[in-house]
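Examining the three-dimensional arrangement
The lines below spell out each chain.
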Amino acid sequence: MVVKAEPKLVTFKVNGQDITVPEGSTVLDACLSHGIEVPNLCFQPMMRPWGSCRICTVEILGRRGGLVESCAAQVREGMEVATHSPEALKSREFILQMYLIDHALDCPTCDKSGECYLQDNTYLHNVQVSPYNRPKLAQPYEHFSDVIDYKWDRCIICARCTRVCDEVIGVTAIEVDGRGLEASITPAWGMNLRDTTCISCGMCIAVCPVGAMTDRKFGAHPWELDATETICGFCDVGCTLNVEHNRGIVRRISHLWERGVNHGYTCERGKWGYQFVQNPERLEAAAIRRDGELQTVPLDEALDEAAARLSHYQGQQFAALASPENTNESNYLLQQFARAVMGSNNVDRTMTHNQAAVDRALADSFGFGASTNSVQEMFTDTGCALVVGPNIVETAPVASYWVNWARLYRETKDIVISRDHFVMCDRAQVWIKPPENGETAIINAIARVILDNKLLTPAENPPAGFQPWLDSLEDFAPEDVAKSTGVPLADIQRAAVLYATGGHEISDDPSGYGPSTIFSTLASQIGGDVYPAELALHNLALLTGNIGRAGGGVIAFRGPANFQGSTDAGCHPALLPGYQARNDADARRKFAAAWLPRWNDAVVPQNGFKRPQSLPDAPGLGCEEIIEAIADGRIKALYLAFGSQPTNYGFDARLLEVLPKLELLIVEDIYPSPLTELAHIVLPAAMFLEEDGSFTNADRTVQRVRFTLPAPGAAQPAWRLIQGIAQRLGYNLDHRHPSQIMEEMARLMPIYQGVSYPRLERGSLEWPVKSFGTEPSLYLSLGDDLAPESLKFVVS
Ligand code: FES
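All of these numbers come straight from a predicted model, not from anything done at the bench.

Reading the values: the criteria
- Residues numbered from 1 in each chain as written.
- Predicted model: local features only at pLDDT ≥ 70, side-chain atom pairs only at ≥ 80, totals over all residues.
- Heavy atoms only, no water.
- Helix = DSSP H or I, 4+ residues; strand = E, 2+ residues; numbered from the N terminus.
- Rg over C-alpha atoms; globule rule 2.2 N^0.38 Å.
- Buried < 20%, exposed > 50% of the residue type's maximum accessible area, 1.4 Å probe, protein only.
- Contact = heavy atoms within 4.5 Å.
- Patch = residues over 30% accessible without salt bridge, like charges linked within 9 Å, V, L, I, M, F, W, Y side chains within 5 Å.
- Areas by Shrake-Rupley, 256 points an atom, 1.4 Å probe, with all protein chains shown as cover.
- Salt bridge = Lys/Arg side-chain N within 4 Å of Asp/Glu carboxyl O.
- Pairing = 2+ DSSP bridges.
- Axes fitted to C-alpha atoms, helices over the stretch in contact; angles between N-to-C directions.
- Parallel < 35°, antiparallel > 145°, perpendicular 65-115°, else oblique.
- Nonpolar A, V, L, I, M, F, W, Y, C, P; charged D, E, K, R; others polar.
- pLDDT = per-residue confidence, 0-100.
- Right-handed = clockwise from strand over helix to strand, strands pointing away.
- Lys, Arg positive; Asp, Glu negative; His and termini not counted.
- Core = buried A, V, L, I, M, F, W, Y, C linked by side-chain atoms within 4.5 Å.
- Left-handed = near helix turned anticlockwise from the far one by under 90°.
- Phe/Tyr/Trp six-rings, centres within 6.5 Å; stacked < 30°, edge-to-face > 60°.
- Lys NZ or Arg CZ within 6 Å of the ring centre and 35° of its normal.

Along its length, the chain carries 27 helices and 30 strands. Taken over C-alpha atoms, the radius of gyration comes to 28 Å for the chain, in line with the 28 Å a tight globule of 796 residues would show. With respect to the principal axes defined by its C-alpha atoms, the chain has extents near 90 × 65 × 50 Å. When the 796 residues of the chain are sorted by exposure, 62% land in the buried category.

Turning next to the environment of Val 261. On the secondary structure map, Val 261 appears in the loop between β13 (249-254) and α6 (268-272). Classification of Val 261 by relative accessible area gives buried; the value is 7%. C-alpha of Val 261 to C-alpha of Glu 281: the two residues are 20 residues apart in sequence and 31 Å apart in space. Once you skip the residues sitting within four places of it in the chain, Val 261 turns out to touch Val 237, Gly 238, Cys 239, Gln 376, Trp 402, Asn 697, Thr 701 and Gln 703.

We now examine a nonpolar patch on the surface. A cluster of nonpolar side chains, Phe 94, Met 98 and Tyr 132, forms an exposed patch at the surface whose accessible area comes to about 280 Å². Take Met 98: it is sitting in helix α2 (residues 86-102).

Moving on: the sheet that holds strand β7 (residues 148-150). Here we have 3 strands laid out as an open sheet, ordered β6-β7-β10, and antiparallel in their pairing. Either end of the sheet is taken by a strand with one partner, and the two such strands are β6 (142-143) and β10 (213-215). Across 2 bridges, the pairing between β6 and β7 is antiparallel. From the neighbouring strand, His 143 faces β7, where its bridge partner is Asp 149.

At a minimum axis separation of 7 Å, helix α4 (residues 160-169) and helix α12 (residues 397-409) run at an interaxial angle of 95°. By the angle between their axes, α4 is roughly perpendicular relative to α12. Where α4 abuts α12, its residues Asp 166, Glu 167, Val 168 and Ile 169 lie against Tyr 401, Trp 402, Asn 404, Trp 405, Leu 408 and Tyr 409. Taken together, the residues that form the contact of α4 with α12 break down as 7 nonpolar, 1 polar and 2 charged.

This part covers the confidence of the model for the chain. When the pLDDT values of the chain are averaged, the result is 93; 96% of them are 70 or greater. For the stretch residues 773-780, pLDDT sits under 50, and the model shows 19 contacts to residues farther than four places along the chain or on other chains.

On to the pairing of strand β16 (residues 318-322), then. Buried residues dominate β16, accounting for 5 of its 5 residues. Summarising the sheet, β16 and strand β25 (residues 637-641) pair through 4 bridges and their orientation is parallel. Among the inter-strand pairings, Leu 321 is bridged to a residue of β25, identified as Leu 640. Pairing of β16 with strand β17 (residues 347-349), which is carried by 3 bridges, proceeds in the parallel orientation. Bridged to Leu 321 within β17 is Asp 348. Following the chain from β16 across helix α9 (residues 328-341) to the adjacent parallel β17, one finds a crossover that is right-handed.

It is worth spelling out the pairing of β25 at this point. Summarising burial for β25: 5 of the 5 residues are buried, a large majority. Side-chain alternation along β25 places Ala 637, Tyr 639 and Ala 641 on one buried face and Leu 638 and Leu 640 on a second face that is also buried.

For the structure shown, the criterion picks out 34 salt bridges. Here Glu 115 and Arg 252 are joined by a salt bridge, their closest N and O atoms 2.9 Å apart. Of this pair, Glu 115 sits in the loop between α2 and α3 (117-124) while Arg 252 sits in strand β13, and the two are 137 residues apart along the sequence. A cluster of three or more residues bridged by salt bridges with shared partners is formed by Asp 692, Arg 704, Arg 706 and Glu 761.

On to the side chain of Glu 59. Mapped onto the fold, Glu 59 is located in strand β3 (residues 57-60). Within the buried set, Glu 59 has no salt-bridge partner at all; the shortest N-O distance to an opposite charge, 9.4 Å, is to Arg 92. Those residues within four positions of Glu 59 in sequence are excluded, and the remaining contacts are Gly 66, Leu 67, Glu 80, Val 81, Ala 82, Ser 85, Glu 87 and Ala 88.

Bringing the nonpolar core into the picture now. Grouped together as the largest cluster of nonpolar side chains are 157 residues, with contacts concentrated most on Met 213, Trp 402 and Tyr 639. Not counting the four nearest positions on each side in its chain, Tyr 639 is found in contact with Phe 318, Ala 319, Ala 320, Leu 321, Leu 334, Ile 666, Glu 668, Leu 683, Leu 721, Ile 722 and Ile 725. Counting residues in each nonpolar core, the second largest holds 55 residues, with Val 430, Ile 432, Phe 476 and Ile 518 among its members.

The interhelical angle for the contact between helix α14 (residues 439-452) and helix α17 (residues 489-501), taken along N-to-C directions, is 70°, at an axis separation of 9 Å. Judged on the interaxial angle alone, α17 and α14 are roughly perpendicular. The chirality of how α14 crosses α17 is right-handed. Judged by residue contacts, Ala 445, Ile 446, Val 449 and Ile 450 of α14 engage Ile 492, Gln 493, Ala 495, Ala 496, Tyr 499 and Ala 500 from α17.

Before going further, it helps to spend a moment on the sheet that holds strand β11 (residues 226-231). Across the sheet, which stays open at both edges, the 3 strands sit in the order β11-β12-β13 with antiparallel pairing between neighbours. Taken across any chain shown, the strands that pair with only one partner, and hence form the sheet edges, are β11 and β13. Each neighbouring strand pair of the sheet contributes to a mean axis angle of 35°, computed without reference to strand direction. Across 6 bridges, β11 lies against strand β12 (residues 240-246) in antiparallel orientation. Each residue of the ladder has a partner; that of Ala 227, found in β12, is Glu 244.

Once that is clear, we can look at the packing of aromatic side chains. Considering all chains together, one arrives at 23 aromatic pairs under this definition. Their ring planes at 25° and their centres at 5.4 Å tell us that Phe 144 and Tyr 150 sit as a pair that is stacked. Tyr 150 carries the same exposure label as Phe 144, and that label is buried. The interplanar angle of 10° and the centroid separation of 4.9 Å between the aromatic rings of Trp 405 and Tyr 409 together place this pair among those described as stacked. Here Tyr 409 and Trp 405 lie together in helix α12, a separation of 4 residues that amounts to about one turn. Ring-pair connections join several aromatic residues into one group, and the members of that group are Trp 257, Tyr 265, Phe 379, Tyr 401, Trp 402, Trp 405 and Tyr 409. The aromatic ring of Phe 218 is capped on one face by Arg 252, whose charged end is 4.4 Å from the ring centroid. In this structure, Arg 360 packs its charged tip against the face of Tyr 531, placed 4.5 Å from the ring centre.

Here the amide bond leading from Trp 767 into Pro 768 is cis, since omega sits at 5°, within 30 degrees of zero. Its place among the elements puts Pro 768 in the loop between β30 (765-766) and α27 (782-785). Positive phi, close to 50°, is recorded for Asn 15, a residue that is not glycine. Positive phi values are uncommon outside glycine, yet Leu 105 reaches one of about 55°. Within the secondary structure layout, Leu 105 lies in the loop between α2 and α3.

Okay, here's the thing in C-alpha cells:
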C-alpha cells in the first residue's frame, strides 16, 4: 500500500483559541471542523468556495481590510480570527437586510421553513426589518419538471444549484441567467428542463439553502418528521440515505452531507425511489396455487405448505436462487438452508447472463468475484479513470459524480469506452464508441500500444498466464483494430498513453506514472457476452501494475444493491460463505460443525425427509446451469427469491421459459410479477426500508441497513421466511434479529471477521475486515491481501 506524506499543519487563533489544521484549509472549514459556528449560505461541502453570499464574513484581526469571506480565505500560520467581532456582525446584518429587500417572506407557507439558512441567519442576527423599503420585485413560480419547482422571489442567486449540477453531477442542466436584480435560475439554454441533460437527481433542491428550488412531491414540515439513516436498495454504489417519515409513510429523502460513500449526494432513484417501496401495488399476501389458480392464504399456511412440499425434493433435485437485493443475512440463511437442510449446493444468485459473466471474470482474474479497489480513491489517488460499458450515469450514478468531481477538482483524466452517448463522453479526454462486441478488441489494442511503446516497467514476476495472454495480443494490432471497429487509431493510442501513465504524458521514467482506475458497467450491457471484454480490462490493469495499488484496480458495478454481499454470503454453487471452497474438506467441516447441530429432535420428519448428517460435497449448479437442469428435468423444485420492481436489473430471460416445468416453484417477491404468476407458492417479502440487516456494495463496503417502516400486509424480511420453512422441517433456525446472523457470519467468514452491528453503527467497513481492534483503511486495496498466485492473466 502507498504510504502518503503527512500534510503540513498550520496553527492559528479563532476567538482566542488555538486551532491546528492542514495547510490549505479555509477559515470556514477550520471553524466547522472544531465546532465553531460560522453562518454560511453559498458554501457547500465538496465544492470549491464561491464567496458570493458573504454571510460567512469574519474579521482577521490586526490587518487592514480585515473583513473576509471565511469560506474562501485560507488559514495562515499565526493568523487571528474573530468570528463575532462587532465589525463582522455589522457586515452580516447589512448583507441580510439587503437579501430581505426582495425575498418573498412567505415563510409560513414555504416548505423550507424550519430548515432555511436565511431564516436561521436573520433570526440569529436579529434582523427584523429591512430599512431598504421599496415594493418587492416578484416573478411567477415555475414548474421546471414533475419534481422540481423554482420560486424566483425566494432565490438568493448563491448558485449552489447550478454549481452542483455542473461540478458534482456533471450535467449542467441549469444555469444562472441574467445579472443583478434580474438574475434567475433557468434550464440550460432557456430550454424546457426535460429537454436538457437533467437526470432528475434532485441535487439542486438538496443544496438550495432557501426555498427557491423545491421538491414538488414533498408535503410536510421538517419538524413533523422522524429520520432513519439507512442504505439505498436500488444499486450497488451503496449510498447512505436519510429517510424522513411520519405515520408510517416516507415523506422525503434528505441528505447527510459528508456521510457515507455518497457524502450525502444521491441520484433520482435514491431521492424518489421510496415510492416503489410504499406502492399500493406491492405484494402483501402469501398465495398457494390450487386448481390452477393462485389463492391468497395466511402466511403460516403458505410456509406449512412450502415445508411439506419441499420435503420431497432433497438433494440434487432442489435449487435455490437468491435475490441480490436481499440483505447479507437473508442470503446467508438461504444458502445455509439449501446446504444444511436440503442437502444441495445448487445455490446461486438470480442474475442476468452478463452479471454472471462479469462475476466469473472477476473470480478468474483475481481469485474473488469482487472489485479490487475503493471508489473513494477517486478523491485521493486516481490519476486516470477508464469507464467502460453502458451509461454509468444511469447504472451507478453517484460513482459517476465522483469521476466528474475528480476531473474538475483533481484534474484526473477520463477515458470512456461506451456505445452509449452520455454527458461524460463529451467531457472525457477520449471517448471511444465501439461497435457491438467491439470492446474486447479495443481494450486489447490499447494493451498492444502500451507494450509496443514500452509504456510500463516490465514486472519481474508477472502473474500466471502472462505469456499465453501476450501471445494472444498478436491478433490485436492497433491499426487492424482501428480499421475493423471504425475507431480512430489516434483515440486508441491516446487512451493507451493516458491509462498507462495514470493521466500523465509519456516520460522517460515509468516509475513516476500515476495510478488508473477502471470502472466497469459491462454487467448491465444488454445482449452479447461481456466475459472477454471484462477479462481484457483485468489484464490491462494487471499489465500496468494497477492491481494492489491505491487509486488503481478494477471496480465492477454489477447492478443490484447487494450483488457483492450475496456472493460473499455463499450464494454460489462452488463457494461456501466468505469464498471458502465447497470442495475444501476443512471448510465444509467448519460449517458443518456450526450448522448441523441445529436439528430439533422434537419435530418428526414427514414425507421421508432425511436430516443431512454432513454438508453436501457434490458440485452444485450455477444460475445458468440451474436453468438448463430445470429444462431437462433434473431440478424439480426451486426456491426463487427476487425483487421484481420497476427499477431492478432483471434476470435471465430463459427462466420464464423453463419455470413451468418445475413440480414445485416457490417465489419470494415484493411485487406481483411474471415470476409469481408461475409459482405454486408465493411468499411476500419486505424491501430494504422495511428491515434491519446489511448490504455490501460494489467496492466491498459493508453497511448497516435499518428498519424504517413496517412491510405491507403479511410481507416479512426474507430471512424470516426461510427461517419459518426451516423450522417446520425441524431445523432450528431461531434468530431473533439479523445481528445474530452477522455474528455467525463474522465467526465463520475470515473476510468478515471484524464485522459486527455495534461496529457498523459507527460506520461502514470495507472487507477484508481483519480485526476488532483496528479500524480498517477505507482505501485498502484488495490486491494488497491477495496472494500473487491468485492473480492471473486469463485468455478468454
Ligand atoms: Fe462564504 Fe457564501 S458562504 S461567501
